[in-house]
Amino acid sequence: MYRNRNLDIAIATIIAVLGGLAAAKQLPGQITIPLGIGLFFAPGYLWSEAILNQWLPGLERALTSVGMALVFPILGGFLFFGLHIPLFRSSWIGLLVVLTLLGVVAVAVQRLRQPPAVRRPQRPVSQQSGRGNQPPRRGGSIALNSSIFGLAGLVAIGAVAYSVKSAEAQKFPGYTMLSMTPVVDNPLAQNIAALSNNLAAQNQAAEMQNTLQGKATQAHLFVADHQGVPEQYELKLLEKAKVVKTWPITLNDGQSWQVTVAWTTNYSMIADLYLLPNTTTPLHYVNNGACVTAPNPLPVALQAEAPCSVKT
Amino acid sequence: MGYAAGRAGDGPNSGSGILLYWLGQVLILVPIGGKLLSRRSLSNTGVITLITVLAIAEYLLKVNYSPLGFTFNDEFLHWRGTTNMLASGKLFELNYGLPIGTQYPGIEEVTSALISATGLSVFEAGLIVAGVAHLLFILFLYLAFVAAIRSQRIAGIAILIYFSAPSLTTFTSMFIYETLALAFLGMCIVAALRSAIEKSPSDRRRWFIVAVLTIFATVITHHVTSYMLTLFLALVAVASRLTGSRKTAARFGILALISALSVAGWIYFIAPDTINYFSPNVVGIVQSLKNLTNGGSSGASTNSTSPSLNLYVELAGLLAITVLIAVGAWQAWKRHRRHPWIIGMMIGGTLGWIVSLGIRLGTSDGQELAGRAATYIYIPVSVMVALALTRFVNSAPMRRLGAAATAAIVAAVVALLVDGLANGWPPFWERLPGPHQVASFESSVDPQEIAISYWSLAELGPGNVIAADSGIYPVLIGYGNQNPQQVTTFLYDTPTWTTAVAGQASGLNMQYVETDTRLTTSLPPSGADFLDQKGSTIGLVPLAYLTKYNHIEGVARVYDDGTINFYDLQSLGYVPQPKP
């Protein structure tokens with residue numbers, strides 16, 4: 001027992017260093033996830049060892065270790081904020097590794113200061129009651145309990161797996177996405193922090209968006225298939241009510257298609273998406289908001305697509 | 001299997017699904033309740049195992065509700081907060097859905113650190129953080145109860161009763177800031193207790209350090225939990241003083257002071273918006289209560305949409321808990337009056353319950369507020385109820401009746417737990433996952449809404465001011481990083497685009513309007529299509545009220561998928577307009 005009393009420190013150090021390396025090198029998940037979880041919880045274990053008595057009973061030791069592991073990123077992140085260190089991946093990994101290594105030193109110093117003979121096992125807080133006497137354990141009941149809880153664990157894992165399967169298999173109505181949006185790079189809208197709950201900033205960003213959108217010269221035409229099956233489409237772009245471009249599109253379920261087209265609001269632009277073999281009635285349409293010059297030269301089936309087709 | 005039946009069929013209307021769901025709950029609750037409430041001795045490990053199984057089982061039920069991604073609306077807000085933090089490397093990056101949440105970034109920090117170390121997705125890391133925090137909270141609470149009551153059995157029963165708090169199994173299991181803060185609250189209570197009861201001054205100092213660290217973590221993580229922690233520490237300090245435990249009073253007093261100063265400092269320097277965030281709620285509650293005490297109308301909503309059975313079960317539960325609190329308080333006074341924790345819980349539990357009942361019955365948002373407050377109020381309440389139940393189980397008449405009496409008590413407690421689940425979240429109309437329902441929180445989150453939200457971010461850019469129905473609203477905030485608005489009904493309740501509507505939209509800087517034709521065929525089970533309709537739904541939205549945007553010169557129809565459309569109101573500003 002005494003000979004191995006620093007084994008935990010060694011294991012924590014190795015896990016933290018390997019975890020740090022795996023995360024920094026972005027190794028495959030099978031390696032990074034278990035080591036990363038070890039790295040995440042290592043500071044909590046070590047510092048709970050350093051701050052509290054080494055002989056803290058099992059449940060309290062585990063709970064305080066995990067609790068401390070959750071406390072450190074919060075306080076550490078706030079410290080980094082104060083020091084103007086950006087909290088990117090490398091910073092978090094650095095924070096966890098440094099905390100682990102400092103924890104190793106702290107625990108080592110603690111254990112050197114306090115020889116093992118001085119430390120005494122504590123009664124857990126959960127047993128510090130007059131009525132909390134444990135009944136003697138029987139081998140049979142332990143085996144029975146273990147099998148029951150093992151079975152419960154299997155049921156739990158099975159339930160999650162079954163739920164994932166049923167959620168994946170759930171059927172939703174199919175749909176196809178069509179959009180035509182002017183290409184705008186609005187630096188004010190990118191600054192999300194300045195916009196939230198700030199009406200003046202929102203006004204400014206909206207005005208800028210309005211101006212930039214009015215000056216946009218390109219637009220994205222976007223189609224995505226979510227019908228659950230591969231589909232064939234035909235996309236027609238109409239300018240001043242005349243077809244100027246046609247794209248045949250074949251998409252698998254979940255696949256999308258995009259093209260950049262010239263954009264203006266000085267005259268009407270309409271994009272009609274047809275689901276083949278139907279080439280007479282569009283499945284969906286989008287437009288740029290500009291009216292088709294009267295008299296409306298669109299075919300009757302499409303006349304309603306012009307924004308000014310109905311007097312409101 | 002209940003959830004799977006819901007997904008495969010009619011959702012919450014699936015009779016077999018509902019039956020399987022409640023059967024599953026009974027299979028979890030009855031054996032655990034039976035073990036804890038029986039008079040047979042139970043080891044500490046046994047009690048811990050039972051409550052761990054209970055906490056994990058209920059957490060997994062929440063996970064299984066939406067195992068592929070977040071659907072609980074509040075989780076989207078923290079998904080966005082974490083994603084923003086990972087992208088920007090900064091704390092306090094504002095979040096349209098929860099501006100106040102950005103000033104309490106604890107859960108985003110923890111999740112970002114875990115993601116950085118493991119490479120997990122925000123969803124996977126969020127599930128781990130929320131699950132670990134939830135279990136920590138329950139187990140720390142158990143340790144605190146044991147230290148306070150000095151009986152593992154009563155502490156175990158108290159934890160069981162605590163699970164009857166409405167929404168415990170969802171709101172404190174979700175990936176939201178409160179879930180993490182509660183773990184710190186539990187840890188701080190245990191550390192504070194240990195800092196007071198340890199014999200060695202060195203051990204007391206060590207636990208004191210842990211208590212202080214967890215106070216700081218709580219303050220950074222969640223506003224209300226930090227206030228409740230301060231209140232709890234102060235309450236125990238006062239109770240200790242009253243019961244003559246001067247040292248304990250001093251220690252808890254110092255911790256309460258540290259907590260109060262931390263809260264005040266955080267609000268002053270970092271989170272000044274907290275005051276504005278809570279002011280309307282506090283003013284509303286005070287006003288409603290004042291109206292009620294003056295004999296006027298509180299404005300409380302009387303048209304509950306819950307099935308009458310739920311309502312009766314809820315009322316019976318409230319009555320039962322009220323009676324048990326009274327018995328428990330009497331037991332506490334009779335047997336433990338020299339014990340500061342128990343007297344503290346007696347005072348806190350009784351007062352908290354009365355205030356909670358007042359809020360529930362007397363204020364317009366009472367049901368929701370009381371449900372949220374229950375997470376804290378039920379802590380002392382469950383101890384009082386457990387004291388009463390234990391006394392009852394051990395009473396001579398009950399002993400004479402034997403197993404039948406125990407079975408009856410187990411059934412009653414399970415009914416109480418079922419009451420908490422039935423009247424918690426998700427509500428009855430989305431008890432099971434299933435087909436899409438309009439404007440209805442979790443059941444409105446389908447792959448379609450998620451795909452549109454990602455589309456909006458990619459094609460429109462972030463932060464657009466969008467009018468949207470309440471179904472897609474949280475998804476647009478989360479995955480879309482958009483700024484959807486709550487005051488939007490005016491855009492959907494007229495058949496024509498009038499100057500007044502245009503002026504109002506312009507005044508609110510509305511950039512896009514989202515329309516969903518399903519609003520024209522289905523009524524929202526939540527009672528409101530849009531977030532600014534509280535108790536005044538406009539019913540089925542006539543199709544013309546949505547399609548009017550097709551015919552406005554200058555309004556571009558930028559998105560169409562057959563059900564949902566997006567219209568660009570900004571184009572009104574630059575598309576050439578006819579001269580008047």
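S.K.: Requested: an account of the overall build of chain B, with residues and values cited.
M.R.: Across its full length, chain B carries 22 helices and five strands. In terms of overall size, chain B behaves like a compact globule, its C-alpha atoms giving a radius of gyration of 25 Å where 580 residues would be expected to give roughly 25 Å. C-alpha extents for chain B along the principal axes are approximately 85 × 55 × 50 Å. For chain B, the proportion of its 580 residues judged to be buried stands at 58%.

S.K.: Go over the nonpolar core, please, and point to the residues and values.
M.R.: All names here are of chain B. F140, Y142, F145 and M384 are the most contacted members of the largest nonpolar core, which totals 242 residues. Looking at which element gives the most residues to this core, the answer is helix 6 (residues 122–149), with 21 residues. If we ignore the near neighbours within four places in the chain, the residues touching F145 are A155, A158, I159 and V383.

S.K.: Summarise the packing of helix 4 (residues 73–88) of chain B against helix 5 (residues 106–118) of chain B; cite the residues concerned and give the values.
M.R.: Residues and elements named next belong to chain B. Helix 5 packs onto helix 4 with a crossing angle of 60° between their chain directions and a minimal axis gap of 9 Å. When the axes of helix 4 and helix 5 are compared, the pair comes out oblique. For helix 4 against helix 5, the interelement crossing comes out right-handed. Within the contact between the two elements, helix 4 uses H78, G81, T82, M85 and L86 and helix 5 uses I107, E108, T111, S112 and I115. Residues belonging to the contact of helix 4 with helix 5 are distributed by class as follows: four nonpolar, five polar and one charged.

S.K.: Please give an account of the environment of T489 of chain B that cites residues and values.
M.R.: Residues and elements named next belong to chain B. One can find T489 in the loop between strand 2 (483–485) and helix 21 (499–507). Its 19 C-beta neighbours within 10 Å are what place T489 among the partly exposed residues. A sequence separation of 56 residues divides T489 from Y545, and the C-alpha atoms of the two residues are 11 Å apart.

S.K.: Can you tell me about the domain arrangement of chain B, naming the residues and giving the values?
M.R.: All names here are of chain B. Here the domain parsing of chain B yields domain 1 (2–175 + 272–430) and domain 2 (441–573). Relative to domain 2, the C-alpha centre of domain 1 lies at a distance of 34 Å. With 17 residues of domain 1 in contact, the opposing surface of domain 2 contributes 14 residues. Taken together, the residues that form the side of domain 1 that touches domain 2 break down as seven nonpolar, eight polar and two charged.

Reading guide: rules and limits
Residues numbered from 1 in each chain as written. Chains lettered and ligands numbered in written order. Predicted model: local features only at pLDDT ≥ 70, side-chain atom pairs only at ≥ 80, totals over all residues. Helix = DSSP H or I, 4+ residues; strand = E, 2+ residues; numbered from the N terminus. Rg over C-alpha atoms; globule rule 2.2 N^0.38 Å. Buried ≥ 20, exposed ≤ 12 C-beta atoms within 10 Å, placed from the backbone. Core = buried A, V, L, I, M, F, W, Y, C linked by C-beta atoms within 7 Å. Contact = placed C-beta atoms within 7 Å. Axes fitted to C-alpha atoms, helices over the stretch in contact; angles between N-to-C directions. Parallel < 35°, antiparallel > 145°, perpendicular 65-115°, else oblique. Left-handed = near helix turned anticlockwise from the far one by under 90°. Nonpolar A, V, L, I, M, F, W, Y, C, P; charged D, E, K, R; others polar. Domains from an automatic or database assignment.

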